[in-house]
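Examining the three-dimensional arrangement
Chain by chain, the residues:
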Amino acid sequence: MRILIITAGSRGDVAPFTGLGRRLLDAGHQVAVAAHPPFAALVGGCGLDYRPVPGDPQGLIRDWARAASRDEAQALTRAYADGLADGVAEAVAGGVDLLLTAFGPAPLSRTAGEALGVPVIGTYLVPAFATGQFPLPNARSTDGLGPEGNLAAGRDVLRRAEGVFAGAVTGLRARLGLPAGAPSAPVDVRPVFHGFSPLVVPRPEDWPSWVEVAGYWWPARPDGWQPPAELVDFLQAGPPPVFIGFGSMAAGQGGRLSELVAAAVKRAGVRAVVQAGWADLSGCGADVLAIGDVPHDWLFPRTAAVVHHAGAGTTAAGLRAGVPAVPVPVMADQPFWASRLYGLGVAPRPVPFQDLTAEALGDAITACLSEPSHRRRAAELARGIAAEDGTASLLVHIGSQSAG
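Residues numbered from 1 in each chain as written. Predicted model: local features only at pLDDT ≥ 70, side-chain atom pairs only at ≥ 80, totals over all residues. Heavy atoms only, no water.

- Looking at an unreviewed UniProt entry, one finds the protein chain named Glycosyltransferase, with Streptomyces sannanensis as its source organism.

Following this line, the structure appears as structure tokens:
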């Protein structure tokens, strides 16, 4: 089958689909990934076809922070959504038999599926169905809601997510020759497979029967990748360092954060590998090494702990490596994953990014490393996660569609 995976957002929203795509490729399918231009090399380097989707998520996050009003921020979001719609239309024009969609662009993927008459399967990296068991990521309120409150908060999240793409869907329907308004025969995104471990977020019993928690989809390592010699030397020169990185967060704050991180590392008395990320962090001192992109599946098992923004992908990589974490959530789904890490016993209490100081970070690193149960629990979870195959049920489903 010709399979197109549609995703949008930062690197963490793309990387898991490289692993999923490789598994589909190995199963004999043709696989393309539609994503923003900064990730063309990531997708192509993993042996998958790439189709461009307009948008600069790094610039969007920066512009959101600078927006003078709520209306201005909403206008930026609408323009981003319209660009995604254009990209989806172009991507499906290349030919497709099956669409796999991330949660964010799902309304656009659903519209494309309706126009083309092809099935659309949800491949979501975050919980995306309201449940009484917990408030969904991005809920406006999360504390002490109870089952009914959790359901209401979750439904509000889903309404807002659909609303972001309402105008873009209208434009895409016109472009693809569909009648205006709601579809007469809706193309549901179903089934839906969630790409995280049931050990991390167990499947809620009140979810629809066609919604599954499948297990993680691990990013593919680029063909021919080798670790930088400087990093190998640093790792061999002393005890395992702490990893510190904020991924796609805090763009433009590199100078302030680099000084803060250096002071925190000194306060905790540890060595550190600092990943530049979109913040452009740098390293200061003999015990700190700054690096660019390095596959987390290679680096994290060689660390004592991982300090990160609690994005879904980085959270998963830390759990896979069996090392404890210090979550520093910034926005979106990150507080949800940070809370899960704390609840699972693999991390001390999260340090929200807006409360981050050298003292708070240094003390959190010390708390993480000095409590043996964090590492013990992380190792237990890693063993359980290693026994899972997050792509198996999705491959079976697609195989049955292909045979049919």
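There is more to say, and it comes next.
Quick notes on the pattern of salt bridges
- All told, the structure shown has 13 salt bridges when counted by the stated rule.
- The partner of Arg-267 in a salt bridge is Asp-363, with the nearest N and O atoms 2.8 Å apart. Separated by 96 residues along the polypeptide, Arg-267 in helix α9 (residues 254-268) and Asp-363 in helix α13 (residues 358-370) bring together distant segments of the chain.
- Exposure remark for Asp-363: the relative accessible area of 39% places this residue in the partly exposed category.
- What emerges from the salt-bridge pattern is a single network uniting Asp-86, Glu-90 and Arg-175. (Salt bridge = Lys/Arg side-chain N within 4 Å of Asp/Glu carboxyl O. Helix = DSSP H or I, 4+ residues; strand = E, 2+ residues; numbered from the N terminus. Buried < 20%, exposed > 50% of the residue type's maximum accessible area, 1.4 Å probe, protein only.)

A closer look at the sheet that holds strand β7 (residues 211-213)
- Pairing within the open sheet is parallel, and its seven strands lie in the order β3-β2-β1-β4-β5-β6-β7. Of all strands in the sheet, those bounded by a partner on one side alone are β3 (49-52) and β7. Recorded for the sheet is a direction-independent mean angle of 20° between the axes of neighbouring strands.
- Strand direction decides the pairing type here: strand β4 (residues 98-101) and strand β5 (residues 120-124), joined by three bridges, are parallel. By the bridge assignment for β5, Thr-101 is matched with Gly-122.
- Sheet contacts for helix α4 (residues 70-93): β1 (2-6), β2 (30-35), β3 and β4; angle to β1, the most-contacted strand, approximately 170°.
- Docked against the sheet, helix α5 (residues 106-116) engages β1, β4 and β5, running at close to 170° with respect to β4. (Pairing = 2+ DSSP bridges. Axes fitted to C-alpha atoms, helices over the stretch in contact; angles between N-to-C directions. Contact = heavy atoms within 4.5 Å.)

Looking at the environment of Trp-217
- By the secondary structure assignment, Trp-217 is in the loop between β7 and α8 (229-236).
- Aside from chain neighbours lying at most four places away, what touches Trp-217 is Pro-16, Phe-17, Leu-20, Thr-123, Tyr-124, Leu-125, Phe-193, His-194, Gly-195, Gly-390 and Thr-391.
- Within the structure, Trp-217 has its side chain in polar contact with the backbone oxygen of Gly-390 (distance 3.0 Å). (Polar contact = N/O pair within 3.5 Å; in protein donor to acceptor, adjacent residues only side chain to side chain.)

Quick notes on the nonpolar core
- In this structure, Leu-4, Leu-99, Leu-108, Leu-231, Leu-299 and Trp-337 are the most contacted members of the largest nonpolar core, which totals 74 residues.
- The greatest single-element share of this core, amounting to eight residues, is contributed by α4.
- Each residue touching Leu-4, except ones within four places of it in the same chain, is listed here: Ala-32, Val-33, Ala-34, Arg-51, Ala-91, Val-92, Val-96, Leu-98, Leu-99 and Leu-100.
- The next biggest cluster of nonpolar side chains, apart from the first, holds 27 residues, and it includes Phe-246, Leu-257, Ala-279 and Val-351. (Core = buried A, V, L, I, M, F, W, Y, C linked by side-chain atoms within 4.5 Å.)

Looking at the environment of Gln-354
- Structurally, the position occupied by Gln-354 is in the loop between α12 (334-344) and α13.
- Residues Gln-354 and Pro-329 lie 25 residues apart in sequence; the distance between their C-alpha atoms is 8.8 Å.

Things to note about the environment of Ala-378
- By the element assignment, Ala-378 lies in helix α14 (residues 372-386).
- For Ala-378, a relative accessible area of 2% corresponds to the buried category.
- When the C-alpha atoms of Ala-378 and Gly-318 are compared, they prove to be 8.6 Å apart, with 60 residues separating the residues in sequence.
- Each residue touching Ala-378, except ones within four places of it in the same chain, is listed here: Leu-319, Gly-322, Val-323, Pro-324 and Val-346.

Examining the sheet that holds strand β12 (residues 325-327)
- In space, the five strands of this open sheet follow the order β10-β9-β8-β11-β12, with parallel pairing throughout. Each having just a single partner strand, β10 (288-291) and β12 make up the two edges of the open sheet. Ignoring strand direction, the axes of neighbouring strands in this sheet form an average angle of 15°.
- Both strand β8 (residues 242-244) and strand β11 (residues 305-308) contribute to a ladder of three bridges, which runs parallel. Of the residues in β11, the one forming a bridge with Ile-244 is Val-307.

Some words on helix α1 (residues 15-26)
- In a regular helix each residue adds 1.5 Å, so twelve residues correspond to 16 Å; α1 covers 17 Å between its end C-alpha atoms and thus fits that length.
- Buried within α1 are the following residues: Ala-15, Pro-16, Phe-17, Thr-18, Gly-19, Leu-20, Gly-21 and Leu-24.
- Once α1 finishes, Gly-28 follows within two positions and takes phi at roughly 100°, a positive value. (Expected span 1.5 Å × (residues − 1).)

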